[in-house]
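Coordinate analysis (summary)
Here are the chains, one letter per residue:
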Amino acid sequence: MEDVIGKNAANYKELLRSYMESQDEQALYGVEKVSKAFIQNNILPEEIVNLHIQSMSEVHKDLSDEYKHSMNFLLEAMIFYGLAMQEIPLLKEEKHVLQSEISVAASMQETLLGTTKPSIEGLDIGVISVPAHQMNGDYHHFIKGKDGSLGIAIADVVGKGIPAALCMSMIKYAMDSYPEESMSPQSILRNLNRVVERNVDPSMFITMCYAHYIPSESKLRYSSAGHEPGYYYNAQTDSFHEIEAKGLVLGVSPDTEYKQYEQSINKDDMVILLTDGVTECRDGDRFIDSNEVLGIIREYAHLPAQEMVDSVFKHFERLQDFQLRDDFTLLILRKDV
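The rules behind each value
- Residue positions are given per chain, counting from 1 as you read along its sequence in written order.
- Whole-chain, interface and lining totals are the exception, using all residues; otherwise, since this is a predicted model, local features are given only for residues with pLDDT of at least 70 and side-chain atom pairs are given and counted only at 80 or more.
- Values shown for side chains rest on all heavy atoms present in the structure; no hydrogens or waters enter the calculation.
- The secondary structure listing takes helices from DSSP runs of H or I that are at least 4 residues long and strands from runs of E that are at least 2 residues long, numbered from the N terminus.
- Our radius of gyration looks at C-alpha atoms and nothing else; its globule reference is 2.2 Å times the residue count to the power 0.38.
- Three labels apply to residues, based on accessible area from a 1.4 Å probe with only protein chains included: buried if under 20% of the type maximum, exposed if over 50%, partly exposed otherwise in between.
- For this analysis, a nonpolar core means a set of buried residues of the types Ala, Val, Leu, Ile, Met, Phe, Trp, Tyr and Cys, connected via side-chain atoms within 4.5 Å.
- Whether two residues are in contact is decided by their heavy atoms: any pair within 4.5 Å suffices.
- Definitions used for this entry: grid spacing 1 Å over protein atoms alone; cavity, a set of points where a 1.4 Å probe fits but cannot get out; pocket, an open set with protein on both sides within 12 Å along at least 5 of 7 lines; lining residue, one with an atom within 4 Å of a point.
- Grid points are joined across faces, edges and corners, and a volume is the space filled by probe spheres set on the points.
- Under the grouping applied here, Gly and all other residues not named as nonpolar or charged are polar, the nonpolar ones being Ala, Val, Leu, Ile, Met, Phe, Trp, Tyr, Cys and Pro and the charged ones Asp, Glu, Lys and Arg.
- Being paired, for any two strands, means DSSP has found at least two bridges between them.
- Under this scheme, a helix contributes an axis fitted over its contacting stretch, all axes are lines through C-alpha atoms, and angles between N-to-C directions fall in the 0 to 180 degree range.
- Here the expected length of a helix is defined as 1.5 Å per residue gap, with one fewer gap than residues.
- By convention, a stacked pair of Phe, Tyr or Trp rings (six-membered ring in the case of Trp) has centres within 6.5 Å and planes under 30 degrees apart, an edge-to-face pair has planes over 60 apart, and any other such pair is tilted.
- What pLDDT expresses is the predictor's confidence in each residue, scored from 0 to 100.

1. Quick look at the overall build of the protein
The secondary structure content of the protein amounts to 9 helices and 12 strands. In summary, the protein has a C-alpha radius of gyration of 32 Å against a globular reference of 20 Å for 337 residues, an excess of more than 25%. Projecting the C-alpha coordinates of the protein onto the three principal axes gives extents of approximately 100 × 45 × 30 Å. Sorting the 337 residues of the protein into buried and exposed places 43% on the buried side.

This is how it looks when you write it as structure tokens:
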């Protein structure tokens, strides 16, 4: 650092002398080149101010005390400024490491929580889940039974990032460990509630809806743990109805019991499950309401279920100028026979 300053000190002094005498543009051009050399060698701002003070004292021997005091004041200010600048490369490196770790965690989350959309006879399934940031605080999972039935979980963690991803991984593997005969929604939520209450920080809660579709009966049984209400579309009456399901969020009390509900599904009927990232989309400063969401779903209802959810997402993505404010998960089941 001292070598760089020493090599440029004389040049800086002469450029300063020339500019003080004639305000020559060439002197300004010359000092720009000196400045680039300082930047390339990470010369701290207080060193440059100190060089200027020394050069001025040689160029002008009769500097006023007021000027000298002001430059000393500036030098002191630049010392603290320089200390902050020295921390910037370290902070950038730490940020890069953190971003790399988050990227790895997001990749692991995608692998650990990945679920395959199953093929169920007589049922058209569409699902989309897009995180607002790298880590997804939403979760959905399909479990296909040997009898052709379908278990569906959709959840949202109150809390984001890596802790949420780890929490969701625990939920997924807890569900995978349950025997198929225990797939009733109320029993699954009851068991998961105990897992969350024992193993998750009290500040983190999970909302979840678990549904079980039985093709042979054309019925959907479901329970909710404080999750965003879903909707049922009745094709015969061409109307949407909110799916009523009450229940305490997972992890609050170990003894919580969950009520189970039942819905018959006829040809062309739809079941819509979602997270609050769908219903709390914004149009500028205005929150959209559920009727607007259902209106957009109706607009694309003529499409296959997967194309339908993709089109609904693209609509709300455009509405938010392609900047999601929350994780967006939408799942639609349509009975097609």
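2. So, unusual backbone geometry
Even without being glycine, Q23 reaches a positive phi, approximately 50°. Here Q23 shows up in the loop between α1 (2–22) and α2 (25–40). You can call Q23 partly exposed: its relative accessible area is 47%. Although it is not a glycine, S218 sits at a positive phi angle of roughly 55°. Here S218 shows up in the loop between β4 (205–214) and β5 (219–225). A relative accessible area of 21% means that S218 is categorised as partly exposed.

3. Observations regarding the nonpolar core
Counting 26 residues, the largest nonpolar core has I171, M175, L192, I206, M208, Y210 and L250 as its most contacted members. Secondary-structure elements contributing two or more residues to this core are β2 (138–144), β3 (150–158), α5 (161–176), α6 (185–199) and β4. Per-element accounting of this core gives the leading share, 6 residues, to α5. Here L250 is in contact with L189, L192, N193, V196, F205, I206, M208, A225 and Y258, once residues within four sequence places are set aside. Residues L303, L324, L330 and I332 belong to the second largest nonpolar core, which totals 25 residues.

4. Points about the environment of E217
Position of E217 among the secondary structure elements: in the loop between β4 and β5. Judged by its relative accessible area of 38%, E217 falls in the partly exposed class. Distance in space between the C-alpha atoms of E217 and S264 is 8.2 Å, their sequence separation being 47 residues.

5. So, the layout of surface pockets
Empty space within the second largest pocket amounts to approximately 210 Å³. Lining the second largest pocket are F38, I39, N42, I43, L44, I48, M85, Q86 and P89. Elements represented by at least two residues in the lining of the second largest pocket include exactly α2 and α4 (65–112). For the lining of the second largest pocket, the per-class residue count stands at 7 nonpolar, 2 polar and no charged.

6. Focus: the sheet that holds β3
Spatially, β2-β3-β4-β5-β8 is the arrangement adopted by the 5 strands of the open sheet, whose pairing is antiparallel. With partners counted over all chains shown, the strands left at the sheet margins are β2 and β8 (261–264), one partner each. Sheet twist, expressed as the average angle between the axes of neighbouring strands with direction ignored, equals 20°. With 7 bridges connecting them, β2 and β3 associate as antiparallel partners.

7. Comments concerning empty space enclosed by the protein
Gaps left between atoms are located by rolling a probe of water-molecule size over the structure's atoms. Per the stated rule, a full pass over the model turns up 1 cavity of 30 Å³ or more. Taken as a whole, the largest cavity spans an internal volume of roughly 90 Å³. Surrounding the largest cavity, I154, C209, S224, H227, E228, P229, G230, I243, A245, L273 and L274 form its lining. Residues of the lining of the largest cavity, tallied by class, amount to 7 nonpolar, 3 polar and 1 charged.

8. Some words on helix α3 (residues 45–59)
In this model, α3 (15 residues) spans 21 Å end to end at C-alpha, consistent with the 21 Å of a helix rising 1.5 Å per residue. Here α3 has its buried residues at P45, E46, V49, L51, H52, I53, S55, M56 and V59.

9. As for the packing of aromatic side chains
In total, this model carries 4 aromatic pairs according to the counting rule given. Ring centres of Y233 and F240 lie 5.0 Å apart, and the angle between their planes is 50°; on these two criteria the pair is classed as tilted. Judged by its relative accessible area of 14%, Y233 falls in the buried class. An aromatic cluster is built from F313, F316 and F328, whose rings are joined through pairwise contacts.

10. Notes on the confidence of the model for the protein
A low pLDDT means the predicted coordinates there should not be read in detail. Across the protein, the average pLDDT comes to 86, with 95% of residues at 70 or higher. Per-residue pLDDT, averaged within each element of the protein, yields its smallest value for strand β10 (residues 282–283) (74) and its largest for strand β9 (residues 270–274) (97).

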